[in-house]
Amino acid sequence: MIPFLDLKALNKRFEGEFASALQRVLDSGWFVCGEELRAFEAEFALWCGVAHCIGVGNGLDALSLILKAYMHLGRLVPGDEVILPANTFIATALAVSEAGLVPVLADPLESSANLDPVAAAAAMSSRTRALLPVHLYGRLADMVALRELARQHGLLLIEDAAQAHGASLGGQRAGTWGDAAAFSFFPGKNLGALGDGGAVLTGDEQLAACVASLRNYGSQRKYHHEQRGVNSRLDELQAAFLRIKLRVLDADQDERNILAARYLSGIRNKHIVLPEVPVAGERHSWHLFVVRSAYRNALQAHLHEQGVATLVHYPIPIHRQQAYSCLAWPSLPVAERLAETVLSLPIYPGMKRVDRVIEACNSFNPDSDSCMGA
Ligand SMILES: Cc1ncc(COP(=O)(O)O)c(C=O)c1O
């Protein structure tokens, strides 16, 4: 079986370096908010091209802490509306509701699966205060249009960059387009820890200081608590491991781009729609390689029979989730269509047998495959 993601092999590459990092942290006797975290924050901020990075417990907390910090700074108040795409991972919506704000869903563009700026504009009301696009699958949302929309209406622009480490347009990386950005270092992400992790990136010094305090019980000085914060810190070990993996992230991204190019040129099947080829000057981080098919379930069954593991990102849009069934939602046909048709193929550094996946895709025929149904 070709695995969807081989986390074991991906991390084995750093076995020796991880062991030295563990020893270094053990020898330091310091496990939370120490030198490793400070070094990782500086290195990741530099890599992205933004002034401040604050390491936190996970990607959901990164989003939540940005929103809560803006509330502390008086830029958001409870009940304010935040626009996000309907076809994202649940965390994007959870962060908004957890902060006492109102998630407002907009349809994505069918072509990119990213937030449609026109749909976002149509979803605005007098309570709208922020746009929260997601760089889904590792492709930048249309940040030029969204930034202009935010500017015209005085909205905050917050990037959910959990899937988009290193995605860029014109050399400008994810995490540097808006007022603030949230990253996840969940093990399966392009930059993945050996456990949970996340970060807030921002060019805004005041916001950075507020998030740094909020993640640490609302405290900047031991036992002095200016805010009611939380405990959400990226620990020393994870920071040390992430520093090692950050050094090869550019090379890993190159490999993902090579694998994606092979899929894009090799898969030829009228029942499979390929993702868009990046435009000139655009760099996709190819966190996921997502095809679409009207016969998605049959295609998934066929690939499984051929020894290829796949996943669906995501089978249920936010407005169809039970957790959000209490809210009234507009019609979101594009998000629903995507949920029924998307299928993610394996893509990761070190992946072997790409040709087998391509062959398996090309041999798919819904008329002859036994397991039918979209
Ligand atoms: C788009 C998106 N936003 C937010 C998150 C939340 O990140 P984490 O799992 O680190 O909390 C994820 C991760 O799965 C994600 O894919």
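For the structure, check the block above.
Residues numbered from 1 in each chain as written. Predicted model: local features only at pLDDT ≥ 70, side-chain atom pairs only at ≥ 80, totals over all residues. Heavy atoms only, no water.

Participant: How would you explain the overall build of the protein chain if you had to name every residue and give the values?
Facilitator: The helix and strand tally for the protein chain stands at 13 helices and 14 strands. In terms of overall dimensions, the protein chain is globule-like: its C-alpha atoms have a radius of gyration of 21 Å, near the 21 Å expected for 374 residues. Over its C-alpha atoms, taken along the principal directions, the protein chain stretches across nearly 70 × 55 × 40 Å. When burial is assessed residue by residue, the protein chain has 55% of its 374 residues classed as buried. In the protein chain, the proportion of contacts linking residues at least 24 apart, taken out of those at least 6 apart, comes to 71%. (Helix = DSSP H or I, 4+ residues; strand = E, 2+ residues; numbered from the N terminus. Rg over C-alpha atoms; globule rule 2.2 N^0.38 Å. Buried < 20%, exposed > 50% of the residue type's maximum accessible area, 1.4 Å probe, protein only. Contact = heavy atoms within 4.5 Å.)

Participant: So what's going on with the sheet that holds strand 6 (residues 168–169)? Residues and values would help.
Facilitator: Note: strands within a sheet are paired through backbone hydrogen bonds, in either parallel or antiparallel orientation. On the basis of which strands lie adjacent, the open sheet formed by three strands has the order 7-6-12 and antiparallel pairing. Each end of this open sheet is capped by a strand with a single partner; those strands are strand 7 (172–173) and strand 12 (282–283). As defined by bridge partners, strand 6 adjoins strand 12 across two bridges and the pair is classed as antiparallel. Considered in strand 12, the bridge of S168 is made with R283. (Pairing = 2+ DSSP bridges.)

Participant: Talk me through the packing of aromatic side chains; I want residue IDs and the actual numbers.
Facilitator: The final tally for this structure, using the stated rule, is eleven aromatic pairs. Geometrically, the ring pair formed by F40 and F44 is stacked, given 5.6 Å between the ring centres and 10 degrees between the ring planes. A residue pair is termed a helical-turn pair when its members lie 3 or 4 positions apart in one helix, as F40 and F44 do in helix 3 (residues 35–48) at four residues. Judged by its relative accessible area of 0%, F40 is buried. The exposure class assigned to F44 is buried, which follows from its relative accessible area of 0%. Arranged with centres 6.4 Å apart and planes meeting at 70 degrees, the rings of Y324 and W329 form a pair that is edge-to-face. Positioned above the aromatic ring of W47, the side-chain terminus of R173 is 3.9 Å from the ring centre. (Phe/Tyr/Trp six-rings, centres within 6.5 Å; stacked < 30°, edge-to-face > 60°. Lys NZ or Arg CZ within 6 Å of the ring centre and 35° of its normal.)

Participant: I'd like a description of the packing of helix 10 (residues 249–266) against helix 13 (residues 354–362), backed by residues and values.
Facilitator: The interhelical angle for the contact between helix 10 and helix 13, taken along N-to-C directions, is 30 degrees, at an axis separation of 10 Å. Relative to helix 13, helix 10 is oriented roughly parallel. The two elements helix 10 and helix 13 cross, and the hand of that crossing is right-handed. From helix 10, L259, R262, Y263 and G266 reach across to helix 13, where they touch V354, D355, V357, I358 and N362. Taken together, the residues of the contact of helix 10 with helix 13 break down into five nonpolar, two polar and two charged. (Axes fitted to C-alpha atoms, helices over the stretch in contact; angles between N-to-C directions. Parallel < 35°, antiparallel > 145°, perpendicular 65-115°, else oblique. Left-handed = near helix turned anticlockwise from the far one by under 90°. Nonpolar A, V, L, I, M, F, W, Y, C, P; charged D, E, K, R; others polar.)

Participant: Could you give an account of unusual backbone geometry, naming the residues involved and the relevant values?
Facilitator: Between H313 and Y314 the backbone carries a cis peptide bond, its omega angle lying at 10 degrees. Phi at C33 is positive, roughly 55 degrees, even though this residue is not glycine. The residue C33 is located in the loop between helix 2 (15–28) and helix 3 in this model. We note that A113 has phi near 65 degrees; this positive angle belongs to a residue other than glycine. Here A113 is to be found in the loop between strand 3 (102–106) and helix 6 (117–122).

Participant: Account for the site of the ligand, naming residues and giving values.
Facilitator: Taken together, 15 residues are adjacent to the ligand, and G59, D160, Q163, S184 and K189 come closest. L60 places a polar main-chain atom, nitrogen or oxygen, 2.9 Å from an oxygen atom of the ligand. K189 places a polar side-chain atom, nitrogen or oxygen, 2.8 Å from an oxygen atom of the ligand. Starting from 390 Å² of accessible surface for the ligand in isolation, the protein chains cover 90%. For the shell around the ligand, the secondary-structure elements that each account for two or more residues are helix 4 (59–72) and helix 5 (90–98). Classifying every residue of the shell around the ligand gives six nonpolar, seven polar and two charged. (Near = heavy atom within 4 Å. Polar contact = N/O pair within 3.5 Å; in protein donor to acceptor, adjacent residues only side chain to side chain. Areas by Shrake-Rupley, 256 points an atom, 1.4 Å probe, with all protein chains shown as cover.)

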